[in-house]
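A closer look at the structure
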Amino acid sequence: MTRKIALVVFVLLAIIFNAEAQVRDTIRIPDIPGYVTLKYDPHMHTVFSDGAVWPTVRVHEAWREGLDGISITDHIEYRPFRNDVVSDHNRAYEVARPLAGQLDILLIHGTEITRAMPPGHFNAIFLEDANPVDVDDWRDAMVAARAQDAFIFWNHPGWARQQPDTTLWWDEHTWLLENDMLHGIEVVNGRSYYPEAHQWCLDKGLTMIGTTDVHNPIGMDYDLSMGERRPMTLVFATERSEEGVREALFAGRTAVYFDNKLVAREEYLDALFKESLQVRSVTRHSGSYGVTLFNPTDIPIEISKARGNDPSFEFFRTTTVPAGGYRNISIYISNASEHDQIELLLNIDNFIVEPGKGLPVTMTFVPDNL
Ligand SMILES: [Zn+2]
Ligand SMILES: [Zn+2]
């Protein structure tokens, strides 16, 4: 009898702990008008190339962290475990596919074309069949991917092993661009941000991509228990589907989220900012304005004073509205009662619109107590 009770307790505990282990995180980043904001990591590896995990683990990781989609992009040309894991180039996708379906993770079929510089490494995604990409000449590999309507992006353009001194754009990249075989660039790969790539995306109309390129179990590279998040691509899609992701990527509607920062075209960061920072109260006193700001997102909002403000307004040089938190600010104005509203010129320093430049915003505060 005692053993039966012990067994029942054991089973109950197992269920409870198992349930606890299966909580999906929510990444609080708002949608923008007209689009849903999808969280997508389009670059990672498994034992089918040089990664350390089985493909289903990538799906579980994505689900746990609150992502909408991933691409497993094992190397075509570099497969150190090929004698242990004998397969063709579609197998990692096929192994992960049923679980992705069960957990409603968008699994977009991809591969990494892995060549010396120039041209370097590329991911091709939305493939039907990765096997035709396994050919000798890199140009033929890109043509084979593009023949399947793939979206192709340049990986880690500033990788020191391939670009030791400077992050260079080669003639080969011009050839790819001119032949519709280059649609995006990794502005962020893992912990690296490439300002050159950011500028190229702006100048050449390419889509900004952020990825982990993770090879280990994700928890070895990011301290998820301390709230750290993997880098990812935010996709502003008309619908939460593979087709929605495809349309948005080719249209360039993305932002890169990494290390509590966002990188994107100004229009998308402006839209995200407007959906993020809330003015909860504005109070006019005799010699000041008091403003309460609230940030319902997971991204801290780092604000600095821009040039051109009314010189009689005395307020912070920098302040941060914490993720999920409030910030009270005071603007000291000797003749506050003569202002029915005030306007501040600000920069959002961690919403990066071009290398070294934060998003410029104008905020107008109208008192609640007039
Ligand atoms: Zn690579
Ligand atoms: Zn890679």
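Placed above this text is the structure.
Residues numbered from 1 in each chain as written. Chains lettered and ligands numbered in written order. Predicted model: local features only at pLDDT ≥ 70, side-chain atom pairs only at ≥ 80, totals over all residues. Heavy atoms only, no water.

Looking now at the overall build of the protein chain. A count of helices and strands for the protein chain gives nine helices and 19 strands. Dimensions of the protein chain, computed from C-alpha atoms along their principal axes, come out at roughly 80 × 80 × 35 Å. Across the 370 residues in the protein chain, those meeting the buried criterion constitute 52%. Carbon and sulfur atoms make up 50% of the accessible area of the protein chain, which totals about 17,000 Å². Computed over 32 positive and 53 negative side-chain charges, the separation of the two mean positions in the protein chain equals 6 Å. (Helix = DSSP H or I, 4+ residues; strand = E, 2+ residues; numbered from the N terminus. Buried < 20%, exposed > 50% of the residue type's maximum accessible area, 1.4 Å probe, protein only. Areas by Shrake-Rupley, 256 points an atom, 1.4 Å probe, with all protein chains shown as cover. Lys, Arg positive; Asp, Glu negative; His and termini not counted. Charge placed at Lys NZ, Arg CZ, Asp CG, Glu CD.)

Before going further, it helps to spend a moment on the coordination of the zinc ion (ligand 1). Note on metal geometry: ideal angles are 109.5 degrees for four donors arranged tetrahedrally and 90 or 180 degrees for six donors arranged octahedrally. Within the protein, the zinc ion (ligand 1) binds to Glu112 (OE), His121 (ND1) and His156 (NE2); these donor distances fall in the range 2.0 to 2.2 Å. Of note, the donors binding the zinc ion (ligand 1) are all from one chain and are spaced E-x8-H-x34-H. Separating the zinc ion (ligand 1) and the zinc ion (ligand 2) is a distance of 3.5 Å, and glutamate 112 donates to both of them. Placement of histidine 121 in strand S5 (residues 121-125) and of histidine 156 in the loop between strand S6 (151-154) and helix H5 (171-178) is noted, with a sequence separation of 35 residues between them. Comparing histidine 121 with histidine 156 shows no difference in burial state: the two are buried. (Donors = N, O, S within 2.8 Å, 3.2 Å for Na, K, Ca; no water.)

Once that is clear, we can look at the coordination of the zinc ion (ligand 2). The protein atoms that coordinate the zinc ion (ligand 2) are His43 (NE2), His45 (NE2), Glu112 (OE) and Asp213 (OD), at distances spanning 2.1 to 2.3 Å. In this structure, the zinc ion (ligand 2) is coordinated by four donor atoms arranged in irregular fashion, with angles at the metal of 79 to 164 degrees. In terms of primary sequence, the donors binding the zinc ion (ligand 2) are separated according to H-x1-H-x66-E-x100-D. (Tetrahedral: all angles 85-135°; square planar, octahedral: opposite > 155°, others 65-115°.)

Moving on: helix H4 (residues 138-146). By the burial criterion, the buried members of H4 are Trp138, Ala141, Met142, Ala144, Ala145 and Arg146. The elements touched by buried residues of H4 are strand S4 (110-114), S5, S6, H5 and helix H8 (242-251). Where H4 begins, one side-chain oxygen reaches toward the backbone nitrogen of arginine 139, 2.8 Å away; that side chain belongs to aspartate 137. (Contact = heavy atoms within 4.5 Å. Polar contact = N/O pair within 3.5 Å; in protein donor to acceptor, adjacent residues only side chain to side chain.)

Judged by pairing direction, the sheet is antiparallel, and its three strands sit side by side in the order S13-S14-S17 without closing on themselves. Only two strands of the sheet have a single neighbouring strand rather than two, namely strand S13 (278-284) and strand S17 (326-332). When strand polarity is set aside, the average angle formed by the axes of neighbouring strands in this sheet is 20 degrees. (Pairing = 2+ DSSP bridges. Axes fitted to C-alpha atoms, helices over the stretch in contact; angles between N-to-C directions.)

Our next topic: the environment of glutamate 266. Mapping glutamate 266 onto the fold places it in helix H9 (residues 266-276). Note: C-alpha distance between glutamate 266 and proline 195 (71 residues apart in sequence) is 15 Å. Discounting chain neighbours no more than four positions away, the residues touching glutamate 266 are Val353, Leu359 and Pro360.

This part covers the pattern of salt bridges. Once the charged atoms of two side chains with opposite charge are near each other, the side chains can pair. What the rule picks out here adds up to 18 salt bridges. Residue aspartate 298 is joined to arginine 229 by a salt bridge in which the shortest nitrogen-to-oxygen separation is 3.0 Å. One end of the pair, aspartate 298, is in the loop between strand S14 (288-294) and strand S15 (301-305); the other, arginine 229, is in the loop between helix H7 (218-221) and strand S10 (232-237), with 69 residues separating them in the sequence. As far as the burial class goes, aspartate 298 and arginine 229 line up, both buried. The closest approach of N and O atoms between arginine 284 and aspartate 340, which form a salt bridge, is 3.6 Å. Here the residue arginine 284 occupies a position in strand S13, and aspartate 340 occupies one in the loop between S17 and strand S18 (342-354), the gap between them amounting to 56 residues. (Salt bridge = Lys/Arg side-chain N within 4 Å of Asp/Glu carboxyl O.)

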